[in-house]
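Remarks on the overall topology
The residues making up each chain are set out below.
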Amino acid sequence: MRLWSLHPQYLDTKGLLACWRETLLAQKVLDGKTTGYRNHPQLQRFRATDDPLAAVGNYLEGIALEADARGYNFNRELVLHPPARGPIRLLTVTAGQVAYEREHLLGKLAVRDPDREALLAATDPPLLHPAFGAVPGDIESWERPEAGRRS
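This is a predicted model, so every value here is computed, not measured. (Residues numbered from 1 in each chain as written. Predicted model: local features only at pLDDT ≥ 70, side-chain atom pairs only at ≥ 80, totals over all residues. Heavy atoms only, no water.)

**Quick look at the overall build of the protein**
For the record, the criterion: Comment: elements are numbered from the N terminus, with helices defined as DSSP H or I runs of at least four residues and strands as E runs of at least two. C-alpha atoms define the radius of gyration, and 2.2 Å times the number of residues to the power 0.38 defines the globule rule. Residue exposure (1.4 Å probe, protein chains only): buried if accessible area is under 20% of the type maximum, exposed if over 50%, otherwise partly exposed. Whether two residues are in contact is decided by their heavy atoms, any of which lying within 4.5 Å being enough. In these tables, accessible area is a Shrake-Rupley quantity obtained with a 1.4 Å probe, and a residue counts as shielded only by the protein chains included in the view.
From N to C terminus, the protein includes five helices and two strands. Reading the helices (α) and strands (β) of the protein from amino to carboxyl end gives α-α-α-β-α-α-β. Taking 2.2 N^0.38 as the reference for a compact globule, 151 residues should give roughly 15 Å; the C-alpha atoms of the protein span a radius of gyration of 15 Å, in line with that estimate. Counting only C-alpha atoms and orienting by the principal axes, one finds that the protein spans roughly 35 × 35 × 25 Å. Looking at the protein residue by residue over its 151 residues, the buried ones come to 47%. Excluding contacts between residues fewer than 6 apart, the proportion of contacts in the protein whose partners are at least 24 apart in sequence is 77%. In the form shown here, the protein has an accessible surface area of approximately 7900 Å², with 50% of it arising from carbon and sulfur atoms.

Below, the structure is given as structure tokens:
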């Protein structure tokens, strides 16, 4: 499960679809409707909010807005707690996490979508998903860095 802190505009089609699907799974976990992935580390940032389902609904709206911009039709009826009007910032992400995710995504895009790789590579710091605001800090404690990431 990868719930990107980066703006969804940087995701290729495969990444955008996966992010939507995986966030719907996260919503299901947070709603207590599944037994799998209950302890997934990426869910910590949603659980740390006053209303985890509202936070994940807000995150899903940001993904759906990017899908709209690309002419895709993501089913917003699947979102249990959609925000009233577009996503708002409810979550924070450290600058170290943003840098880690940027490098991780650049590696994926190098293989799958060189045009989006170039877009992300030319933007430093990258834009964040609308649900996030950046704060100083290292990679988040819940992140599990993968071996072989770009440096």
